[in-house]
Amino acid sequence: MSYILNIDTAVETASVCLSLNDESIALNENPIQKEAAAWIQQAIKELLNNQGVSLNQLSAIAVSSGPGSYTGLRVGMATAKGLCYALKLPLITISTLQMMAVSALGEKDGLLCPMIDARRMEVFTAMYDYELTEVMAPQALILTENSFEKVLQQKKIFFFGNGSVKFSHIATNSNAEFITISTNAKHLVPLSYKSLKAALFADLAYSEPFYGKAFYSPPAKPSL
């Protein structure tokens, strides 16, 4: 019997999920991702208390590791690593895009293409089949009307996520289908349990978010 704490602060909402083996048993979600830093510790405490589970009963902690919101990724990773250090638990890191693909597994007759808005016409994206096998590796992509054209000539692709909206305005191939999918930490559960069983753990000292592209913070303006 394995309890896993699953954390996601990379997508539009922030959420934590407690799972038992490969089943989600409780979810705590905040629709305002920008509040994640102030919200997450209390949310975890409430989640565990409501289920009568202590931190010492956890077998591992899983976190969506990106791409996604820069600030959200840092909050989620720092929280997961801090708990793992303190509790001497293994850390499981999972691609945010693969987590999103899990939320769309009901669409069985095509490929799954999650998209996260990266401003202007750029998105973070990847592509998976129904077995969650990676067909296209996670990457930052500038969308054009010809994006994915070779694949779309042969197969249907389901596009979803907040980045897919802008592609829907320029895509013309009839095999491009756009769906609305809600993703949260419960969609980490099948992936985190699979990683736990296979002992696929991240290095606590060196794990960091996958931002998708270089993160740049402009220098502060000198005070006058």
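Residues numbered from 1 in each chain as written. Predicted model: local features only at pLDDT ≥ 70, side-chain atom pairs only at ≥ 80, totals over all residues. Heavy atoms only, no water.

Check the secondary structure of the protein and you find 6 helices and 10 strands. Its C-alpha atoms give the protein a radius of gyration of 18 Å, near enough to 17 Å, the size a compact globule of 224 residues would have. When its C-alpha atoms are laid out on the principal axes, the protein stretches across 60 × 50 × 30 Å. Counting all 224 residues of the protein, 49% fall into the buried class. Contacts in the protein between residues far apart in sequence, at least 24 positions, make up 61% of those at least 6 positions apart. Carbon and sulfur atoms make up 51% of the accessible area of the protein, which totals about 11,500 Å². Distance between charge centres in the protein, computed from 17 positive and 19 negative side chains, equals 6 Å. (Helix = DSSP H or I, 4+ residues; strand = E, 2+ residues; numbered from the N terminus. Rg over C-alpha atoms; globule rule 2.2 N^0.38 Å. Buried < 20%, exposed > 50% of the residue type's maximum accessible area, 1.4 Å probe, protein only. Contact = heavy atoms within 4.5 Å. Areas by Shrake-Rupley, 256 points an atom, 1.4 Å probe, with all protein chains shown as cover. Lys, Arg positive; Asp, Glu negative; His and termini not counted. Charge placed at Lys NZ, Arg CZ, Asp CG, Glu CD.)

Below, the discussion takes up the nonpolar core. In this structure, Ile92, Leu97, Met100, Leu112, Phe160 and Leu196 are the most contacted members of the largest nonpolar core, which totals 29 residues. Contributing elements (two or more residues each) for this core: strand E4 (58-64), strand E5 (91-94), helix H3 (96-102), strand E6 (111-117), strand E7 (122-128), strand E9 (157-160) and helix H6 (189-197). It is H3 that contributes the most residues to this core, 5 residues altogether. Formed by 26 residues, the second largest nonpolar core is a distinct cluster that contains Ala36, Ile40, Ala43 and Leu83. (Core = buried A, V, L, I, M, F, W, Y, C linked by side-chain atoms within 4.5 Å.)

All right, on to the side chain of Asn30 then. Secondary-structure assignment places Asn30 in strand E3 (residues 23-30). You can call Asn30 buried: its relative accessible area is 7%. Within the local environment of Asn30, its side chain forms a polar contact with the backbone nitrogen of Ile32, the two atoms lying 2.9 Å apart. A distance of 3.2 Å separates the side chain of Asn30 from the side chain of Glu35, its partner in a polar contact. Discounting residues that sit within four places of it in the chain, Asn30 has contacts with Thr13, Ala14, Glu35 and Trp39. (Polar contact = N/O pair within 3.5 Å; in protein donor to acceptor, adjacent residues only side chain to side chain.)

For helix H1 (residues 36-51), which comprises 16 residues, the first-to-last C-alpha distance of 21 Å matches the rise-based estimate of 22 Å (1.5 Å per residue) to within 8%. Every buried residue of H1 is listed here: Ala36, Trp39, Ile40, Ala43, Ile44, Leu47 and Leu48. Looking at the buried residues of H1, the elements they touch are strand E1 (3-8), strand E2 (14-20), E3, E4 and helix H2 (70-87). Trailing H1 by a residue or two, Gly52 shows a phi angle of about 65°, which is positive. (Expected span 1.5 Å × (residues − 1).)

Taking 1.5 Å of rise per residue, the 18 residues of H2 would be expected to cover 26 Å, and the 26 Å separating its terminal C-alpha atoms lies within 8% of that figure. Taken together, the buried positions of H2 are Gly72, Leu73, Val75, Gly76, Met77, Thr79, Ala80, Lys81, Leu83 and Cys84. Looking at the buried residues of H2, the elements they touch are E1, H1, E4, E5 and H3. At the exit of H2 stands Lys88, carrying a positive phi of roughly 60°.

So, about the sheet that holds strand E8 (residues 134-142). The strands making up a sheet associate through backbone hydrogen bonding, with each pair oriented either parallel or antiparallel. One open sheet accounts for 5 strands, arranged E8-E7-E6-E9-E10; its pairing is mixed. Of all strands in the sheet, those with a lone pairing partner are E8 and strand E10 (176-178), marking the two edges. In this sheet, adjacent strand axes meet at a mean angle of 20° when their direction is disregarded. (Pairing = 2+ DSSP bridges. Axes fitted to C-alpha atoms, helices over the stretch in contact; angles between N-to-C directions.)

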